[in-house]
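Spelled out from the first residue to the last, the chains are:
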Amino acid sequence: MLDTIQAINKTAAFNRWAGFEVTRAADGEAELRMQWREEDMGQYAGFLHAGLIGAMLDTACGFAAATVAGRVLASHFSVNCLSPALGRAFIARGKVVKAGRKQVFTTAELYGQGDGDSLKLVATGTAILVPVEAPPPAK
Ligand SMILES: CC(C)(COP(=O)(O)OP(=O)(O)OC[C@H]1O[C@@H](n2cnc3c(N)ncnc32)[C@H](O)[C@@H]1OP(=O)(O)O)[C@@H](O)C(=O)NCCC(=O)NCCSC(=O)Cc1ccccc1
């Protein structure tokens, strides 16, 4: 399952640009890591941009859902920014709360990694994923 999710991760140009690495994916859980880049990831005060906070939480939730439901699309996600997102790297951990037939409810946490291995919780989020068929081939 980890290989499958890592392969999916590589197909998204955004994920490649951001440097998302899938470090765990199994049984309704997924973990994502991203190295901080000062030159193009910051907001006005130098914290991780909220767009990237949302992207990491959304992706961790989506990959967690994919481990139990296959192909999914997000119909809703929300983000709580708890503390300035600072760190030399960021780790998002997503998990499935409930996988129904039509909706998969998920939550995720985002941690900033400080010196050494210390992790600080900087944001939390939720997402609702909808299991979908493969899209029709492009005309
Ligand atoms: C599929 C659903 C969520 C629910 O659909 P329903 O309630 O059944 O609604 P309905 O049938 O009324 O169709 C409405 C529209 O949906 C379109 N469509 C339907 N099925 C497919 C399909 N299989 N593929 C493509 N499109 C499909 C359909 O053509 C129609 O288009 P139209 O309005 O005519 O132009 C739909 O609202 C949607 O696609 N939202 C956007 C999702 C999105 O972009 N999310 C963000 C990115 S994913 C993410 O971030 C999370 C993640 C991370 C990592 C890994 C994985 C995930």
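Thresholds, definitions, all that
- Position numbers for residues start from 1 in each chain and track the written sequence from start to end.
- Local features in this predicted model are restricted to residues whose pLDDT is 70 or higher, and side-chain atom pairs enter the listing and the counts only when it is 80 or higher, whereas totals over whole chains, interfaces and linings include all residues.
- The side-chain figures draw on all heavy atoms in the structure; neither hydrogens nor water molecules are used.
- UniProt positions are given in the numbering used here, feature names are shortened, and annotations may be inferred rather than shown by experiment.
- Labels follow the DSSP assignment, with helices taken as runs of H or I lasting at least four residues and strands as runs of E lasting at least two, numbered in each case from the N terminus.
- Contact definition: two residues touch when any of their heavy atoms are within 4.5 Å.
- The rule for a disulfide is simple: a pair of cysteine sulfur atoms within 2.5 Å.
- Side-chain atoms within 4.5 Å are what join buried Ala, Val, Leu, Ile, Met, Phe, Trp, Tyr and Cys residues into a set we call a nonpolar core.
- Summary of the burial criterion: residues with accessible area below 20% of their type's maximum are buried, those above 50% are exposed, and those between are partly exposed, where the area comes from a 1.4 Å probe applied to protein chains only.
- Only Phe, Tyr and Trp rings take part, Trp by its six-membered ring, and two of them pair if their centres are within 6.5 Å. Stacked means planes under 30 degrees apart, edge-to-face means over 60, and tilted covers everything else.
- Our definition puts a charge over a ring when NZ of Lys or CZ of Arg is within 6 Å of the ring centre and also within 35 degrees of the ring normal.

UniProt, in the comment section headed Sequence similarities (unreviewed entry), describes the protein chain in these words: "Belongs to the thioesterase PaaI family."

Glancing now at the environment of A123. As for its placement among the helices and strands, A123 is situated in strand β6 (residues 119–131). Counting along the chain gives eleven residues from A123 to A134, while the straight-line C-alpha distance between them is 32 Å. With near-sequence residues (within four places) excluded, A123 lies in contact with I53, L57, N80, C81, L82, A108, E109 and L110.

A few words now on the state of the cysteines. Summed over the entire model, instances satisfying the criterion amount to zero disulfides. Considering cysteine sulfurs only, C81 is the nearest to C61, which forms no disulfide, with 14 Å between them.

In terms of nonpolar packing, the biggest core is built from 32 residues, with M34, L48, M56 and L110 touching the most fellow members. Considering each element in turn, this core owes the most residues, eleven residues, to helix α3 (residues 50–69). Once residues within four sequence positions are removed from consideration, L48 is found in contact with M34, W36, M41, Q43, I53, A85, F90 and L110.

According to the stated counting rule, one finds three aromatic pairs in the structure shown. Geometrically, the ring pair formed by F14 and F20 is edge-to-face, given 5.9 Å between the ring centres and 80° between the ring planes. Taken together, the ring pairs connect F14, W17 and F20 into an aromatic cluster. Here the guanidinium or amino end of R37 rests over the ring plane of W17, the centre of that ring lying 4.8 Å away. The ring of Y111 has R93 sitting right over it, with the charged end atom 5.2 Å from the ring centre.

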